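What the coordinates show
One letter stands for each residue in the lines below.
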Amino acid sequence: MSAILNNMAATEHQLRKALWMMRGWLLRCYLRLHGCRVGNKLKCKQWPTFRQVPNGNIRLGSSVTIGYRISLDVGREAILEIGNHVNLVQDLLISSGVQVVIGDYSGIGEYSSIRDGDHGYSSHSRIHDQVTTHDPIIIGSDVQISRGCLVTSGSRIDDGVIVGAGSVVTSRTKTIANGIYIGQPVKMIGKRP
């Protein structure tokens, strides 16, 4: 009986992978129809939410995984560039008003937010009426952004960095390659061995 259940589980997993690849192919077609660049082997576990219709402003590398409940808010004049072998796990918002770049072999943990824009906060007018300012976000290769992180406008994260769960990365954060960071705002606590 155990062997039968194991075979059924393996078959179900293969069917899920096939479904994710089929959704990836459909997403690739959709994005290319809107002038975007998309590499091969896109895997899509659930169709992402596009807050704006893509307009040639999304670039996905090969072997990217789009997880569950991913929201992409890419302005008409903005760029979202995601490298090869990037894993967007689930429940993420990536908002690009100018530019967000995520390097190869990076992963973004669940419940994280990456936003290159900030509202003004002057007390002389309502926040809703103030101009949003944007500053590009550059995330290097082989970066792990763990669960529940916030990456704000102007952030630069070097290659190989690990950002611990619940952390906030700001434009004032200065990272070094292979550093391990945690906190609000993040501070370096070590280096990868």
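Just so it is clear, the model here is predicted, and its values are computed rather than measured.

Moving on, we get to the nonpolar core. Leu-88, Ile-102, Ile-114 and Ile-145 are the most contacted members of the largest nonpolar core, which has 37 residues in total. Only α1 (2-33), β4 (58-60), β5 (65-74), β6 (79-82), β7 (87-96), β8 (99-102) and β13 (137-139) provide two or more residues apiece to this core. It is β5 that provides the largest number of residues to this core, a total of four residues. Discounting residues that sit within four places of it in the chain, Ile-102 has contacts with Glu-81, Ile-82, Gly-83, Val-86, Ile-94, Ile-108, Ile-114 and Ile-139.

So, about the environment of Ile-182. Inspection of the secondary structure assignment puts Ile-182 in strand β19 (residues 179-183). Sequence spacing of Ile-182 and Ile-145 is 37 residues, and the spatial spacing of their C-alpha atoms is 10 Å. Once residues within four sequence positions are removed from consideration, Ile-182 is found in contact with Gly-164, Ala-165, Ser-167, Lys-187 and Ile-189.

Counted by the stated rule, this structure contains zero disulfides. Of all cysteine sulfurs, the one in Cys-44 lies closest to Cys-29, which takes part in no disulfide; the gap is 12 Å. Residue classification places Cys-29 among the partly exposed positions, given a relative accessible area of 35%. The class of Cys-44 is buried, set by a relative accessible area of 0%.

Let us now look at the side chain of Asn-57. Inspection of the secondary structure puts Asn-57 in the loop between β3 (49-50) and β4. Polar side-chain contacts of Asn-57 include one of 2.8 Å to the backbone oxygen of Gly-75. Sequence-distant contacts of Asn-57, defined by excluding residues within four places in its chain, comprise Cys-36, Val-74, Gly-75, Arg-76, Ala-78, Ile-79 and Leu-80.

One open sheet holds the six strands; their spatial order is β1-β4-β6-β8-β13-β16, and the pairing between them is parallel. Here the strands that pair on one side only, and so sit at the sheet edges, are β1 (37-38) and β16 (156-157). Examined bridge by bridge, β6 and β8 share four bridges and lie parallel to one another. The residue bridging Leu-80 from the neighbouring strand is Val-100, located in β8.

Let's shift gears to the pattern of salt bridges. Scanning the model with the defined rule gives six salt bridges in all. Across the pair Arg-16 and Glu-12 runs a salt bridge whose closest N-O atoms are separated by 3.3 Å. Of this pair, Arg-16 and Glu-12 both sit in helix α1, four residues apart, which is roughly one turn of the helix. Residue class for Arg-16 comes out partly exposed when judged on its relative accessible area of 42%. The exposure class assigned to Glu-12 is partly exposed, which follows from its relative accessible area of 44%. In this structure, the salt-bridge partner of Asp-91 is Arg-69, at a minimum N-O distance of 2.6 Å. Here the residue Asp-91 occupies a position in strand β7, and Arg-69 occupies one in strand β5, the gap between them amounting to 22 residues.

In this section: the environment of Tyr-68. Tracing the chain through its elements places Tyr-68 in strand β5. As for Tyr-68 and Val-89, which are separated by 21 residues in sequence, their C-alpha atoms are 6.8 Å apart. Sequence-distant contacts of Tyr-68, that is, excluding residues within four places in its chain, are made with Trp-20, Lys-45, Gln-46, Val-89, Gln-90 and Asp-91.

Attention now goes to unusual backbone geometry. Going from Gln-184 to Pro-185, the amide bond is cis rather than trans, its omega being 0°. Inspection of the secondary structure puts Pro-185 in the loop between β19 and β20 (186-191). Backbone geometry at Asp-142 places phi at a positive 60°, although glycine is not the residue there. Positionally, Asp-142 belongs in the loop between β13 and β14 (144-145).

Calculation notes
Residues numbered from 1 in each chain as written. Predicted model: local features only at pLDDT ≥ 70, side-chain atom pairs only at ≥ 80, totals over all residues. Heavy atoms only, no water. Core = buried A, V, L, I, M, F, W, Y, C linked by side-chain atoms within 4.5 Å. Buried < 20%, exposed > 50% of the residue type's maximum accessible area, 1.4 Å probe, protein only. Helix = DSSP H or I, 4+ residues; strand = E, 2+ residues; numbered from the N terminus. Contact = heavy atoms within 4.5 Å. Disulfide = S-S within 2.5 Å. Polar contact = N/O pair within 3.5 Å; in protein donor to acceptor, adjacent residues only side chain to side chain. Pairing = 2+ DSSP bridges. Salt bridge = Lys/Arg side-chain N within 4 Å of Asp/Glu carboxyl O.

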